Amino acid sequence: MSIYLNFDEMLNPIFFHLISDKRVCGDCLNDSGLKKFLACKIPPNTQECSYCQQTTKTVDVDELQQYILQFFPYADADQELPIAYLREDEGMWHDQWDTLEKFVDFAVCDELYEDFSNNLVDARYCQWQWSSLTPTQQRYYQWQEFREVVCYEDGEFRLYPKTEPEDRNHDELCPSEFYQALAAFLCRTDALSILPSGSEIHRVHWGHLEDDKLNFSRLTCPRPELVKRPNRFSPSGQSMFYGAKDFDTACLEIRATEGDAVTHAVFRTKRELCLVDFTAVKRPDGKFDYEWLGNYHISEFLDGFLADIRKEVKGEGDAAEYVPTQAICRYFKTQGATEILNIHLNNPVLSPELKLLTANKKIDGFCYRSSKGTERTCYVLFCGNEESTEMLELVPSPARTTFHPSPTLQESVEAMLNAVEK
Ligand SMILES: [Zn+2]
């Protein structure tokens, strides 16, 4: 049993009194972060669990409580905070039962939850500066403002914030700093990935192209002057290579439907590509993951941001809707590598992705989920018609074919629809 005596805390316990005479095992913990804490941070032992009576690896409940307390959301104001809880001094967060439910939720078994509940400190929780925004809210509003004030003019993306930096509240972040924040957040979630040399990327064209058009230059991305319409990540007049991981997704991305005639080209990467991979953003393990202590807002923000980007591109037709994602793309294309390498300047051990970035000094593209309801992978590579020869080669014999959604595609669409219904 670990000895932990902090008299200050014993006299003024935070949130709950420590339960010193019980132990709990992994089977009685539901949250994967708590299970990970028990598995990785508690020395091996075999003792009886006070809740299920099995003899196995356990942790002192008071030690677990202290661990959980580190995640206590002192700065989390509830948007729906009932006015009765607000006081003129600092304000109140919630009453303690609500707080326990919101904070611990189903992370532990019912009996342990009961124990927590019986040991709650009989006081309400003052929240320091309850009126200020939480870190997640700060970032989310920064992104909202960025979206509203970003414009595309004369080939450049510009920001016209309506509030000057000196007129902003301390928690009101400037939209111009959004790019750097996003780069830092993506680094924190390990969103860089390497697309190995020899990987296949599918592209389809409408109709059956004639023999003399079945060549690299015609099948890769078009020359800039032929790009008449703005796209998800690139404005009109700018060429980028869009492709998908499979034929079906490539067809859906050009909005082909069953029976449409298409020309199918497969490209192969000629070297390793360093991509910002929005599909691989790492997330915390449960509510209490020590590797994310203090960084939960990053994951929460990125969830909202990635959902927004997907929504954005579903509004086909309105060119202005694409401007924020185009601006982000331009930033990563031109400054992303420098920014990310700066973040890792003092990092002694570079991941293979960062080594590749150090060698090439550029990000080659994004990997993202199709907006066509399949969750499948799409790519945008930061290269135009001629530049694409440096990254890609055409696999021989492009095919004139007809789009028939494969059974696996229909399964994945149905799975998505079922998931939405539930
Ligand atoms: Zn147990």
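Residues numbered from 1 in each chain as written. Predicted model: local features only at pLDDT ≥ 70, side-chain atom pairs only at ≥ 80, totals over all residues.

Side note on the overall build of the protein
Alright, step 1. The helix and strand inventory of the protein stands at 14 helices and 15 strands.
Alright, step 2. Expressed as a percentage of its 422 residues, the buried residues of the protein come to 31%. (Helix = DSSP H or I, 4+ residues; strand = E, 2+ residues; numbered from the N terminus. Buried ≥ 20, exposed ≤ 12 C-beta atoms within 10 Å, placed from the backbone.)

Looking at the pairing of strand β12 (residues 365–369)
Alright, step 1. Buried residues dominate β12, accounting for four of its five residues.
Alright, step 2. The pairing of strand β11 (residues 273–277) with β12 spans three bridges and is classified as parallel. Along β12, the bridge assignment pairs L275 with G365.
Alright, step 3. With five bridges connecting them, β12 and strand β13 (residues 377–381) associate as antiparallel partners. Its bridge partner being in β13, F366 is matched across the sheet by V380. (Pairing = 2+ DSSP bridges.)

Considerations on the packing of helix α7 (residues 178–188) against helix α11 (residues 323–343)
Alright, step 1. As a packed pair, α7 and α11 sit with axes 10 Å apart at the nearest point and diverge in direction by 60°. As the angle between them shows, α7 and α11 are arranged oblique. α7 and α11 meet at a crossing whose hand is right-handed. Packed against α7, whose contacting residues are Y179, Q180, L182, A183, A184 and C187, the element α11 presents I328, Y331, G336, E339, I340 and I343 at the interface.
Alright, step 2. The class makeup of the residues in the contact of α7 with α11 is nine nonpolar, two polar and one charged. (Axes fitted to C-alpha atoms, helices over the stretch in contact; angles between N-to-C directions. Parallel < 35°, antiparallel > 145°, perpendicular 65-115°, else oblique. Left-handed = near helix turned anticlockwise from the far one by under 90°. Contact = placed C-beta atoms within 7 Å. Nonpolar A, V, L, I, M, F, W, Y, C, P; charged D, E, K, R; others polar.)

Some points on α11
Residues spaced three or four apart along an α-helix point in a common direction, a consequence of the helix completing one turn every 3.6 residues.
Alright, step 1. Along its 21 residues, α11 runs just 26 Å from first to last C-alpha, ending more than 12% under the 30 Å computed at 1.5 Å per residue.
Alright, step 2. Those residues of α11 lying buried are P324, T325, Q326, A327, I328, C329, R330, F332, K333, G336, A337 and I340. (Expected span 1.5 Å × (residues − 1).)

Section: the environment of R376
Alright, step 1. Take R376: it is sitting in the loop between β12 and β13.
Alright, step 2. The spacing of R376 and V413 is 37 residues in sequence and 10.0 Å in space, taken between C-alpha atoms.
Alright, step 3. Not counting chain neighbours up to four residues away, the residues in contact with R376 comprise A244, K245, D246, T249 and S370.

Considerations on unusual backbone geometry
Alright, step 1. If you check the backbone angles, D105 has positive phi at about 55° while not being a glycine.
Alright, step 2. Note on placement: D105 falls in the loop between α4 (96–104) and α5 (110–118).
Alright, step 3. Positioned with a positive phi, K361 is a non-glycine residue whose angle comes to about 60°.
Alright, step 4. With respect to the secondary-structure elements, K361 resides in the loop between α12 (352–360) and β12.

Considerations on the nonpolar core
Alright, step 1. Residues M240, V276, F366, V380 and L381 are the most contacted members of the largest nonpolar core, which totals 57 residues.
Alright, step 2. It is α11 that contributes the most residues to this core, six residues altogether.
Alright, step 3. Contact partners of F366, with chain neighbours within four places excluded, come to F233, L275, V276, F278, C329 and V380.
Alright, step 4. With 21 residues, the next largest nonpolar core counts C25, C28, V104 and L112 among its residues. (Core = buried A, V, L, I, M, F, W, Y, C linked by C-beta atoms within 7 Å.)

Let's talk about the pairing of strand β9 (residues 241–244)
Alright, step 1. Burial of the side chains of β9 extends over both faces: F241 and G243 are buried on one face and Y242 and A244 on the other.
Alright, step 2. Alignment of β9 against β13, held across four bridges, turns out to be antiparallel. The residue of β13 that forms the bridge with G243 is Y379.

Regarding helix α2 (residues 32–41)
Alright, step 1. Listed in full, the buried residues belonging to α2 are G33, L34 and F37. Seen along its axis, α2 keeps its buried residues to an arc of 100°; they face one direction. More than 90 degrees from the buried face of α2, the exposed residues found are A39 and C40.
Alright, step 2. Looking at the buried side of α2, the elements it contacts are α3 (61–69). (Arc of directions from axis to C-beta.)

So, the confidence of the model for the protein
Parts of the model with low pLDDT should not have their predicted coordinates read in detail.
Alright, step 1. Here the protein shows a mean pLDDT of 85. Residues at 70 or above account for 85%.
Alright, step 2. Overall, residues 75–94 carries pLDDT values under 50, and its contacts beyond four positions in sequence, including any with other chains, amount to 33 contacts. (pLDDT = per-residue confidence, 0-100.)

Re the environment of F106
Alright, step 1. For F106, the position within the fold is in the loop between α4 and α5.
Alright, step 2. Since 11 C-beta atoms lie within 10 Å of it, F106 is described here as exposed.
Alright, step 3. Taking C-alpha positions, F106 is 8.8 Å from L29, a pair spaced 77 residues apart along the chain.

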